[in-house]
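Given next are the chains, with one letter for each unit.
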Amino acid sequence: MQLPDSFANYTRALLGEEEYNRLSAALLEGEQPVSIRLNPQKCGRSPLSIVRSPLKEVPWATDACYLDRRLTFTFDPLFHAGCYYVQEASSMFVEQAVKACFPDRPLAVLDLCAAPGGKSIHLRSLLPEGSLLVANEVMRNRVQILAENLTKWGHPDVVVTNSDPAEFTPLEQLFDCILTDVPCSGEGMFRKDETAIGEWSPENVDLCWQRQRRILKDIWPCLKPGGLLVYSTCTYNTKENEENVRWIRDVLGAKVLPLDVPAEWGITGNLLAGEDFPVYRFLPHKTQGEGFFLAVLRKAGNAEEADGMQVMQAERMNAGRSKSRKGSGGKASAPSAFGKEQQATVQGWLRGAERYTMVPDGQTLTAFHTAWLPVLSSLKQHVRVLQAGVTLAEAKGKDCIPAHALAMSSLLRREAFACEEVDYPTAIAYLRKEAVSLAGTAPRGFVLLAYRGLPLGFVKNVGNRANNLYPQEWRIRSGYLPEEIRVL
């Protein structure tokens, strides 16, 4: 592997000869750390206790650690159960912005460029109780994996959208915070992905910073006065980093906010000559992780002004519900197959059902947090909503078939179902969507399977066999097991 000459010359001038040589050595010869974050909703009050051997914790993130070797994640049932997520350690620094700058009240938060979902599920774990997360991905071939990862993580108060940032622009002052992990030239991924080296060029850097400003300009009206913008990239150069932050400050009128960062974390500050506003750059020869950059900015104004705007906007949206809508909001709901008795049955499957509205649409029934229905209505006016809340059940004749999303969700009332603990071979067979056999004592009907105490999903036990209800599109496609299985 060889770094591009133009990258080397630019970065050497930016960092200095000695610092660049250390960076280059780390990129060409350094080991790639593997890190995970545990799910506090599924692992209890001390999530790291589920790890079988003591491991080094990621210093800037809670419930996160470095692994001493890479696991066979595809063949770990705990991974599929949403017990943990494999996330690059540097990007977990978003947590410091959330803890330092977010107000302690329910918030509407947008993760604008969210796939595959690492930062989205991290945000969802950190937001104050009662908050709503909207996770958006413009690329249709990537939004499905975003939805899958958020579903497995299990928090119910999430909306997944699939729209260009410009489609959000009319949603004025809707969000308290927007995370923009913008598409970039990917210099920070050189060690992790050699393809990024081949795709890099100075021309692509110029294309990226211009695209990034277009994204920021499109999304800026959606941020409330006094709201927070978290800007991040996985690249090193100042064009996509400090110069864009300066542009947000000078052109959009934002204030750059400082974070309290211990020196021992080895994070590098501002590299732009003549500027000293606070930014945070991760260099792999200084921090245990890949390249990453982050800045936090506050929009001018105050929240009271935004609250008035949001009320007016909700009134406009409610008045226009009968008009045609884009995406999933552009079609009328199909006649529901769920009668009152069936809805009551499904409602009995939920914890805290009183906070949620049952939303029937044709053959499916979904739960969505009642307090956020006006925001969902606003979203459906302008963007394509892929999923909102938790899909609970599908109607088939007189049967209500529990959805896999319910098994993954923190709303699940486990005592509503018979539960069978399964061993590792049975768990893998289930995740491959193969036939599984239950003990003769297992009751007939819908049964929740669990592995090491965590729900894996549902089967329908018909006596001589159990019909596997795992989603076809999520199944493990590999037909063999590796010689060495390394799981959490």
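Look a little higher up for the structure.
Summary of the structure given here. (Residues numbered from 1 in each chain as written. Predicted model: local features only at pLDDT ≥ 70, side-chain atom pairs only at ≥ 80, totals over all residues. Heavy atoms only, no water.)

## Here's the deal with the sheet that holds strand β13 (residues 364–369)
- Taken together, the 4 strands give an open sheet; going across it, the order is β12-β13-β15-β16, and neighbouring strands pair in antiparallel fashion. Two strands bound the open sheet, and with one partner strand each, they are β12 (356–361) and β16 (399–402). For this sheet, the mean angle separating the axes of adjacent strands, direction not counted, is 30°.
- Relative to β16, strand β15 (residues 390–396) runs antiparallel, the two being bridged by 4 bridges. Considered in β16, the bridge of Ala-395 is made with Cys-400.
- Seen against the sheet, helix α13 (residues 340–347) touches β12, β13, β15 and β16 and runs at an angle of roughly 30° to β16. (Pairing = 2+ DSSP bridges. Helix = DSSP H or I, 4+ residues; strand = E, 2+ residues; numbered from the N terminus. Axes fitted to C-alpha atoms, helices over the stretch in contact; angles between N-to-C directions. Contact = heavy atoms within 4.5 Å.)

## Details of helix α7 (residues 140–153)
- Along its 14 residues, α7 runs 21 Å from first to last C-alpha, staying within 8% of the 20 Å computed at 1.5 Å per residue.
- Taken together, the buried positions of α7 are occupied by Val-143, Leu-146, Ala-147, Glu-148, Asn-149, Leu-150, Thr-151, Lys-152 and Trp-153. (Expected span 1.5 Å × (residues − 1). Buried < 20%, exposed > 50% of the residue type's maximum accessible area, 1.4 Å probe, protein only.)

## Considerations on the packing of aromatic side chains
- The tally for this structure, following the rule as stated, stands at 15 aromatic pairs.
- Their ring planes at 45° and their centres at 6.2 Å tell us that Phe-73 and Phe-79 sit as a pair that is tilted.
- Among the aromatic side chains, those forming a connected cluster through ring pairs are Trp-60, Phe-93, Trp-265, Tyr-280, Phe-282 and Phe-292. (Phe/Tyr/Trp six-rings, centres within 6.5 Å; stacked < 30°, edge-to-face > 60°.)

## Some thoughts on empty space enclosed by the protein
- Counted according to the given criterion, the structure contains 1 cavity of 30 Å³ or more.
- The computed volume of the largest cavity comes to approximately 50 Å³.
- Lining the largest cavity we find Phe-79, Gly-82, Tyr-84, Tyr-85, Asn-149, Lys-152 and Trp-153.
- When residues of the lining of the largest cavity are assigned to their parent elements, the largest contribution, 3 residues, is made by α7.
- Partitioning the lining of the largest cavity into residue classes produces 4 nonpolar, 2 polar and 1 charged. (1 Å grid on protein atoms, 1.4 Å probe; cavity = no way out; pocket = protein on both sides within 12 Å on 5 of 7 lines; lining within 4 Å. Points joined across faces, edges and corners; volume = space filled by probe spheres on them. Nonpolar A, V, L, I, M, F, W, Y, C, P; charged D, E, K, R; others polar.)

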